[in-house]
Amino acid sequence: MSPLTFNISHGYLEAIVRGFKSGILTSAQYLNMAQCESLDDLKLQLSSTDYGNFLQNEPSPLATTTIAEKAREKLVDEFQYLRQNASEPLSTFLDYITYGYMIDNIILLITGTLHERDTHELLERCHPLGMFDSIAALCVATNVSELYNTVMVETPLAPYFEKCLSAHDLDEMNIEIIRNTLYKAYIEDFYEFCKELGGETAEVMSELLEFEADRRVINITINSFNTELTKDDRAKLFPTCGKLYPDGIAKLAKVDEIDQVKAIVEPYGEYRRFFDTLSSDRSLEDRFFEHEVHLNKKSFLQQFHFGVFYAFLRLKEQEIRNIVWIAECIAQYQKERINDYITIF
Amino acid sequence: MAFRSEQMSMIQIYIPSEIAQQTASELGELGQIEFVDLNPQINAFQRAFVGEIRRLDEMERKIRYLQSQIEKVGMKIRPIDSPTNSAFTRPHTQKEIDELESKLSMYESKLLQMNSSQQTLDKRYFELTELRHVIREASVFLSQSNKPGDDGHREDTALLESGQDVAETDELVSGGDLGSITGVIARAKMGIFERILFRVLRGNLYMNHAEIADDVVDPLTEQPIKKNVFVIFAHGKELIAKIKKICESMGATLYTVDPVGEKRREAGLEVIGKLEDLKNVIDNTLSARKAELAKVAETLESWSIIIKKEKAVYHTMNQFNFDANRKALIAEGWCPTNQISTIQHALRNVTERTDSTIPPILNELRTTKIPPTYHKTNKFTAGFQAIVDAYGMATYQEVNPGLFTCISFPFLFAVMFGDFGHGLLVTAFAAWMVVKEKDLAKKKWGEVGLIIFYAPFFLDKFNIWDMMYGGRYMILLMGIFSIYTGLIYNDVFSRTMPIFGRGYNWVIDGDKIVGEKKNRNYPIGIDPIWMVSENKLMFLNSYKMKMGVILGVMQMVFGLVLGIFNHLQFKKPMYILAESVPQILFLLSIFGYLVCIIIYKWATNWDSIGRSPPSLLNTLIYMVLAPGSVQKDDELFTGQAGLQSFLLLLAFLCIPWMLCVKPYLEWKEMSKHSTHGYNNLEDHSAPTQIPGEASSPHHGEVTKPAAAEGGAGEAHEFSEVIVHQIIHTIEFVLSSISHTASYLRLWALSLAHAQLSEVLWDMVLAAVFTMNPNSAPLGLMFTFYMWFNLTVFILIAMEGLSAFLHALRLHWVEFNSKFYLGGGRPFVPFSFSSVLSDSETDD
């Protein structure tokens, strides 16, 4: 992993990913897109970008979902290409990235089954990066231990799952707890893994993952106000690899309202401004996204590390969110809000 | 191709909007106008005809859909012979396009409908096939399970932990207390399926499965899938329900099979009957679909061409401007001046054809813009022009080196490649391409590659064939010239050709054999006697080296003379005196003199004078190092020292001449302009331009520095001129030496080629001639094959390529640098033929 030998096994893929990155839409292209009158205009605009004619064989009228789906398909193709050509330890690193999507898919399926949705419909909505063989069998599980024993035991997520094993039935609350526990375990594990890799990767990735962890902590705190979740349980859900650990986390576990959160986050310089002007048009969520984009962009400034792969995927996800946002605004004639996307470059 | 690029005119055409589309398409057929984008500030999707383009895109999508459908059933789309000017592919009126659109939608919806019904049928068929397999396999399982104790086919008992369980299950099955589920699942999922079932039911099941021998084709993806039939026995309603749920989520299809053997058989027969009926129906729909597609396949190609043309037309029309009351479109563009009448004729044609009351009006505009460069080429000159264009597109109306390249390029190539035999082979190959050019143009290179080269792998993947075919006339000339130089070098496959007999007699002088001169000279080229002499290489090297220098100096001086024509064309006659004359003098006074003494040395019979010939290399070196003196041994002629000092002085005089005169002229020009107040134009106009927009920050930025730096800018510009001239002068002086030396590659390559071919002959073929006469024919058979292969691949293909590259370099660097500016931009007319060939390469 030293700069001297990095390119032997990973140089090609790093070049590829940097190439992909230079195809990310720029603010000028977003400006053009925001001027579109219809989704067909948008298609025309996108065809002159790196997306090329990915919508070429779609009959008009286009639907926003088609655009999102196709854009995601393209991203997944790119990621799969990277994954297939990766060698150790990059391949494990890329696998780690997909675990996050796996968690999302599992939660989606369990929730869907709980509401008695059709399994196939649910499977179609799953993110292709988080698919695994036995995912379909998730729908038979009715409680947590069954879930673990039937399906999870052979997925890479099994060790994370051990931590939330209980015989509870699956209900909304429990699913949410499972999701957050899984995520906590996942982020901490990923963090450890990156630390083990050492070098630039550890440096870059720890910054990205620390932010990710802190974002989850803040979100969990805010979302758990006025719910049944006890404060002890809340504390258990907080990932412990962020900058807020341990002081901030300990304090956040006890708060009851948003102003207190603000006061606790105050000492952490980079997070302070998220709460500064909460009254302005940007939501907290958007500010988080903006900061994430900033961190991801920063990771491209260094070379010989794996952070670029993670950052690329994140930026691309943001880009797809942007495109979908613009497309939705066009489709629903909400032109005044069309500029609320988050510019990447 | 001509001496200069075509004269171009800026034209403006007013087209009444109702016939705009026809006019643009007519001009596209003509392909003589490069339209200028009149709305560069407008976004791609805000232009006037975006709607039409989008409609055509949609039609193209439909065509692609039809195409994929046709390809799926394995039919061929009928190709159009000459896509550019066929009457079928000429888009006539808007109405026809509308008709085409409705036709396309009709076919598409028809096909979609057919496909969906086909799909339902296929799905039904698929299910029935699976059911048939299930019934067949399940019968085996069930009849087995009814005979307890017969464990012959039971390999899957691994799922059960002990033989005791097996016995238990069997009892239960025979007792009829056990529920069973039968179904089909993809073989790849079998392992996971089993594992999950085992985990969920904690082993409380009995499962059996069998592979379906033939692949089942999935109607949705149309991919063949390997599948397994499985039977699961379990007891308890809940377990059965759970199993069913897992089956469904894993994508298995469940079929109910009657547990009673008799009924199973009946059901099996029924299924087979149904399958046959269904097969008939499917065949019928398939043939109906095929007939429909066959109809489409006939005309699809021409439709696709029409639409491509239409799209190009609208893209072009998007560059046009509307006039004030939107009654007419205004097009502006460049066209060759001599084509204006043709364009006008085409415009008249359109008017007549459409019965329009208002004809399109063509105006010639006067403009200061620099027109694009257009070299009219034919199939012969195109290749040579391409060589020049690859270096740089000629500035508008400057001397086009392509004209001279036509001859000088193959000639310099031949100097390096000179071999009568190799030249003959190359000529034959090129002549074949030229004679068969019409047939070959249609073929794809792969097929041709097979014919020419018995080693098709050689041509695999890379497009070397297209390159050779494109340059067939160049190769022809290269071959012919090589025959000529081979004759001069008297070299055929490294052997000699004593056509006219030798000019020497053999005389034995002691232990040596010496050539004695006969009365006559060998009439053409080098006397064959040299080929067997000991000092052959010394003689040939000296000859070829000197020839290289002579050819080089000739070509470079010619290039400098062409510079004079450029100065005349660009109305800078003073530059002839300031630049061309000193350059020519410089080159001639040193290297021109060298050429003179080379020829003088050749022409003198040194033997008859009775002294050894002087070394020219020393002469040239001492001419510079010790001017004004010539050593007695090295003297060529009387008065040599004086002449040399004069020439050297002249050459040194030329350097400050080149360095100073041109900047002085420029400076004078500038100061003349400024005294007339011309260069203040910008400063004066700036304030008048911006009063209304003074607040606009953009304008402010641009004009402000210009006004402030009015005086400084000029000085800056002048210093740039001086620096440029210093660089230019140094470069010329240094390069005149290095370029002359560079022409020595003519000698080096020619030597290498001759030596290689001699080595090949000696090492491979010559050995056979000294063999036992009995085995020689066999040996010859084998070695000739080897020798010929190596000759073709190494001596002709690879050596030819290397000589080609060196000739290219001599033209680009040594010749072009003497006069060629190459700062133009190519003329890219709007033409359907280029639109269509572009889209072909895209595919």
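All of the points below concern the structure found in this document. Per-chain numbering applies: the sequence of each chain, read as written, is numbered from 1 onward. For naming, the first written chain is A and the first written ligand is 1, with later ones following in the order written. Residues qualify for local features only when their pLDDT is at least 70, as the model is predicted, and side-chain atom pairs are given and counted only at 80 or more; totals for whole chains, interfaces and linings, by contrast, use all residues. Side-chain measures were taken over the full set of non-hydrogen atoms in the model, leaving aside hydrogen atoms and water.

## Focus: the overall build of chain A
Starting at the N terminus, helices and strands are each numbered in turn, a helix being any DSSP run of H or I of at least four residues and a strand any DSSP run of E of at least two. Counting its regular elements, chain A contains 16 helices and zero strands. The C-alpha atoms of chain A give a radius of gyration of 21 Å, which matches the 20 Å a tight globule of 345 residues would have. For the C-alpha atoms alone, the extent of chain A along its principal axes is close to 50 × 50 × 45 Å. When the 345 residues of chain A are sorted by exposure, 54% land in the buried category. In chain A, the share of contacts with a sequence separation of at least 24, taken over all contacts with a separation of at least 6, comes to 65%. All radius of gyration figures rest on C-alpha atoms, and the globule criterion is 2.2 Å times the number of residues raised to 0.38. Remark: exposure states derive from per-residue accessible area (1.4 Å probe, protein chains only) relative to the maximum for the residue type, with buried under 20%, exposed over 50%, and partly exposed in between. Only heavy atoms enter the contact rule, under which two residues are in contact if any of them lie within 4.5 Å.

## Quick look at the pattern of salt bridges
We count a salt bridge whenever a side-chain nitrogen from Lys or Arg sits within 4 Å of a carboxyl oxygen from Asp or Glu. Counted by the stated rule, this structure contains 36 salt bridges over all chains. Glu579(B) is paired through a salt bridge with Lys662(B); the nearest N and O atoms lie 2.9 Å apart. Of this pair, Glu579(B) sits in helix H17 (residues 574–603) while Lys662(B) sits in helix H20 (residues 640–675), and the two are 83 residues apart along the sequence. Each of the two residues, Glu579(B) as well as Lys662(B), counts as buried. Taken together, the salt bridges that share partners define one network made up of Glu212(A), Arg215(A), Glu292(A) and Arg314(A).

## Side note on the packing of helix H10 (residues 402–417) of chain B against helix H24 (residues 745–769) of chain B
Residue and element names in this part refer to chain B. Geometry is summarised by axes, namely lines fitted to C-alpha atoms with helices restricted to the contacting stretch, and by angles between N-to-C directions that run from 0 to 180 degrees. Between H10 and H24, the least distance of the axes is 6 Å, while the angle of their chain directions is 45°. Taken as axis vectors, H10 and H24 run oblique relative to one another. Every residue of H24 that contacts H10 at Leu 412, Val 415, Met 416 and Phe 417 is listed here: Arg 745, Leu 746, Leu 749, Ser 750 and His 753. Lys, Arg, Asp and Glu make up the charged group, whereas Ala, Val, Leu, Ile, Met, Phe, Trp, Tyr, Cys and Pro make up the nonpolar group; the residues left over, Gly among them, are polar. Taken together, the residues of the contact of H10 with H24 break down into six nonpolar, two polar and one charged. If an angle is under 35 degrees, it is roughly parallel; if it is over 145, roughly antiparallel; if it lies from 65 to 115, roughly perpendicular; otherwise it is oblique.

## Describing unusual backbone geometry
Of the consecutive residues Glu88(A) and Pro89(A), the connecting peptide bond is found in the cis state with omega at -5°. Structurally, the position occupied by Pro89(A) is in the loop between helix H4 (64–85) and helix H5 (90–114). Its identity as a non-glycine residue notwithstanding, Phe304(A) has a phi of 60°, on the positive side. Tracing the chain through its elements places Phe304(A) in the loop between helix H15 (284–299) and helix H16 (307–331). In this structure, Asn490(B) is a non-glycine residue whose phi angle is positive, near 55°. For Asn490(B), the position within the fold is in the loop between helix H15 (472–489) and strand E12 (504–509). Look at Asn490(B) and you get buried, because its relative accessible area is 1%.

## So, the interface of chain A and chain B
Counting residues at the interface gives 29 residues for chain A and 20 residues for chain B. When two parts are put together, the accessible area they lose, computed with a 1.4 Å probe and summed over both, is reported as buried area. When chain A packs against chain B, the two sides together hide about 2000 Å² of surface, and 54% of this comes from carbon and sulfur. Here chain A and chain B share one salt bridge between them. Note that Arg54(B) and Asp41(A) form a salt bridge whose closest N and O atoms lie 2.2 Å from each other. Here a polar contact means two N or O atoms within 3.5 Å. Within protein one must be a hydrogen donor candidate and the other an acceptor candidate, and residues neighboring in sequence count only if both atoms are side-chain atoms. Taken together, the links from chain A to chain B amount to one residue pair in polar contact (both at pLDDT 80 or more). Elements that contribute at least two residues to the side of chain A that touches chain B include exactly helix H3 (39–47), helix H6 (119–125) and helix H7 (144–150) of chain A. Counting residues per element, the side of chain A that touches chain B draws most heavily on H3(A), at four residues. Taken together, the residues of the side of chain A that touches chain B sort by class into ten nonpolar, 13 polar and six charged.

## Topic: the side chain of Asn318(B)
Relative to the elements of secondary structure, Asn318(B) occurs in the loop between helix H7 (261–317) and strand E9 (321–322). The residues contacting Asn318(B), other than those within four sequence positions of it, are Asn39(B), Arg47(B), Ala48(B), Phe49(B), Val50(B) and Ile53(B).

## As for the sheet that holds strand E8 (residues 253–255) of chain B
All names here are of chain B. Overall, antiparallel pairing links the four strands, which are arranged E4-E7-E3-E8 in an open sheet. Strands at the two margins of the open sheet, each flanked by one partner only, are strand E4 (206–211) and E8. Across the sheet, the mean angle from the axis of one strand to that of its neighbour is 25°, orientation sign disregarded. If DSSP finds at least two bridges between two strands, the strands pair. Here six bridges tie E4 to strand E7 (residues 227–234), and the two strands are oriented antiparallel to one another. Residue pairing across strands places Asn 208 opposite Val 231, the latter belonging to E7. Along the sheet, helix H5 (residues 190–201) makes contact with strand E3 (179–186), E4 and E7, crossing E4 at roughly 175°. In the packing of helix H6 (residues 237–249) onto the sheet, the strands contacted are E3, E7 and E8, and the crossing angle to E3 comes to about 10°.

## Comments concerning helix H2 (residues 50–72) of chain B
Take the number of residues in a helix, subtract one, and multiply by 1.5 Å to get its expected span. Taking 1.5 Å of rise per residue, the 23 residues of H2(B) would be expected to cover 33 Å, and the 33 Å separating its terminal C-alpha atoms lies within 8% of that figure. Backbone geometry just after H2(B) places Gly74(B) at a positive phi near 80°.

## A few points about the nonpolar core
Nonpolar side chains tend toward joint burial in soluble globular proteins. What is meant by a nonpolar core is a set of buried Ala, Val, Leu, Ile, Met, Phe, Trp, Tyr and Cys residues, joined one to another through side-chain atoms within 4.5 Å. Membership of the largest hydrophobic core comes to 141 residues, with the highest contact counts inside it found for Leu42(A), Phe93(A), Phe190(A), Phe309(A) and Phe193(B). In contact with Phe309(A), other than residues within four places in its own chain, are Leu13(A), Glu14(A), Val17(A), Leu82(A), Leu90(A), Phe93(A), Leu94(A) and Ile97(A). With 74 residues, the next largest nonpolar core counts Met474(B), Ile529(B), Tyr543(B) and Tyr743(B) among its residues.

## Digging into helix H2 (residues 27–34) of chain A
Residues and elements named next belong to chain A. The set of residues buried in H2 consists of Tyr 30, Met 33 and Ala 34. Taken end-on, H2 shows its buried residues confined to a sector of 95°, consistent with a single buried face. On its buried face, H2 is in contact with H3 and H16. Arc definition: it is the arc formed by the directions from the helix axis to the C-beta atoms.

## Structural notes on the pairing of strand E13 (residues 512–517) of chain B
Residues and elements named next belong to chain B. Across six bridges, E12 lies against E13 in antiparallel orientation. If you follow Tyr 504 over to E13, its bridge partner there is Lys 517. Taking the residues that link successive antiparallel strands as the turn, the E12-E13 hairpin has two residues, and the phi of Gly 510 there is positive, at about 65°.

## Considering the packing of aromatic side chains
Stacked, tilted and edge-to-face pairs are distinguished by plane angle, under 30 degrees for stacked and over 60 for edge-to-face with tilted covering the rest, among Phe, Tyr and Trp rings (Trp via its six-membered ring) whose centres lie within 6.5 Å. One pass over the full model with this rule turns up 50 aromatic pairs over all chains. For the pair Phe500(B) and Tyr522(B), a centre-to-centre distance of 5.8 Å together with 70° between the ring planes defines the contact as edge-to-face. Residue Phe500(B) is found in the loop between H15 and E12, and its partner Tyr522(B) is found in the loop between E13 and helix H16 (536–569); the two are separated by 22 residues along the sequence. Using a relative accessible area of 41% as the deciding quantity, one classes Phe500(B) as partly exposed. Both rings, one in Phe558(B) and one in Phe815(B), keep their centres 6.2 Å apart while their planes meet at 5°; by these two values the pair is stacked. Placement of Phe558(B) in helix H16 and of Phe815(B) in helix H25 (residues 776–815) is noted, with a sequence separation of 257 residues between them. On the basis of relative accessible area, Phe558(B) is assigned to the partly exposed category, the value being 34%. Residue class for Phe815(B) comes out buried when judged on its relative accessible area of 1%. Lys74(A) extends its terminal NZ or CZ atom over the ring of Tyr51(A), reaching a point 5.2 Å from the ring centre. The ring of Tyr469(B) is capped by Arg472(B), whose NZ or CZ atom sits 4.2 Å from the centre of that ring. Charge over a ring is defined by NZ of Lys or CZ of Arg lying within 6 Å of the ring centre and within 35 degrees of the ring normal.

## Structural notes on the environment of Leu749(B)
Residue and element names in this part refer to chain B. Mapped onto the elements of the fold, Leu 749 is located in helix H24. Take Leu 749: its relative accessible area is 12%, and that puts it in the buried class. The spatial distance from the C-alpha of Leu 749 to the C-alpha of Ala 803 is 6.9 Å, given a sequence separation of 54 residues. Once residues lying within four places of it in the same chain are set aside, the contact partners of Leu 749 are Met 416, Glu 799, Ser 802, Ala 803 and His 806.

## Considering the pairing of E7(B)
Residue and element names in this part refer to chain B. Of all eight residues in E7, eight are buried, a share of seventy percent or more. Of the two faces of E7, both are covered, the one formed by Lys 227, Val 229, Val 231 and Phe 233 as well as the one formed by Asn 228, Phe 230, Ile 232 and Ala 234. Bridging between E3 and E7 involves eight bridges; their strand directions are antiparallel. Bridge pairing in E7 places Gly 179 opposite Ala 234.

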